[in-house]
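# Structural description and commentary
Listed here are the chains, written in short residue letters.
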Amino acid sequence: MTHFIEPCCADRQLPALLRESQPRAVLFQTAGDVTFDQLLKAVSSMAGNNILTMTLAVPEVTAKMQKTIDHYQQREWITTVNVLTNDLNGQLVMFEGEKGVVIIQGPIIDTRADKGSLLLYAGQYAPDTKSAPLTALMASRIRLKAKAEEKATVHAASASGEKKSNRKTKKYNDLESTEAVETAPQPKAPAKTTA
């Protein structure tokens, strides 16, 4: 059964749906009117309020998305951000914290889609990463992307005759940069940020 989530009620409907299906994944639909900032507002606190890690996989981080991410980081509602861009394996937003893991997989949009659009999502709320296997997949994708970036940096340096780069690949929770994150401004608050 597929559930329909409305933008006016997403912050009530979506958490209720994910909690009642816990830890199984559930399908839901929108009319293309539940945006990135509404998804964050609806589900980010389900994972906890301390040391919250957000992983975002989208074709690109738009200015509107970046503004929302900055807002959450400045208030220390999100302490770590991992971003995957130009990834062909799908779009998602995932939160990990002391209360569990929340994953929303599907089109992550920053503005309402054209009228009449019907978008399908999968969502999951689990008490830990072992109950949500998608978290291991995301960690692997982040490590592979960091490794590819390091290899590209070394290749570019050797092609230009420079010494080998000393940049090391960072672990999943302290990944420093991906393509889109390099332009992300640091929050003014002293939050630990990897974006």
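Described below are features of the structure shown in this document.

So, how was this worked out
- Residues numbered from 1 in each chain as written.
- Predicted model: local features only at pLDDT ≥ 70, side-chain atom pairs only at ≥ 80, totals over all residues.
- Heavy atoms only, no water.
- Pairing = 2+ DSSP bridges.
- Helix = DSSP H or I, 4+ residues; strand = E, 2+ residues; numbered from the N terminus.
- Buried < 20%, exposed > 50% of the residue type's maximum accessible area, 1.4 Å probe, protein only.
- Arc of directions from axis to C-beta.
- Contact = heavy atoms within 4.5 Å.
- Axes fitted to C-alpha atoms, helices over the stretch in contact; angles between N-to-C directions.
- Parallel < 35°, antiparallel > 145°, perpendicular 65-115°, else oblique.
- Left-handed = near helix turned anticlockwise from the far one by under 90°.
- Nonpolar A, V, L, I, M, F, W, Y, C, P; charged D, E, K, R; others polar.

Taking strand neighbours across the sheet as the criterion, the seven strands line up as β1-β2-β7-β6-β5-β3-β4 in an open arrangement whose pairing is mixed. Here the strands that pair on one side only, and so sit at the sheet edges, are β1 (3–4) and β4 (80–85). Two strands pair when backbone bridges link them, and strand β3 (residues 53–58) and β4 are joined in this way by six bridges, in the parallel orientation. From the neighbouring strand, Met54 faces β4, where its bridge partner is Val81.

This paragraph deals with helix α2 (residues 36–43). Of the residues making up α2, those classed as buried are Phe36, Leu39, Leu40, Ala42 and Val43. Each buried residue of α2 lies within a common arc of 165° when the element is viewed along its axis, so the set occupies one face. Buried-residue contacts for α2 involve α1 (10–21), β3, α3 (63–74), β5 (92–97) and β6 (100–105).

So, about the environment of Arg141. Tracing the backbone shows Arg141 in helix α4 (residues 134–159). Owing to a relative accessible area of 9%, Arg141 belongs among the buried residues under this scheme. Here the alpha-carbon distance between Arg141 and Ala57, two residues 84 residues apart in the chain, equals 10.0 Å.

Tracing the backbone through its elements, the reader meets Gln13 in helix α1. Classification of Gln13 by relative accessible area gives buried; the value is 19%. With near-sequence residues (within four places) excluded, Gln13 lies in contact with Phe4, Ile5 and Glu6.

With that settled, consider the packing of α1 against α2. Relative orientation of the contacting elements α1 and α2 amounts to 55°, with a least axis distance of 8 Å. One way to sum up the angle between α1 and α2 is to call them oblique. For the element pair α1 and α2, the recorded crossing hand is right-handed. Where α1 abuts α2, its residues Ala10, Asp11, Leu14, Pro15 and Leu18 lie against Leu39, Lys41, Ala42 and Val43. Tallied by class, the residues present in the contact of α1 with α2 amount to seven nonpolar, no polar and two charged.

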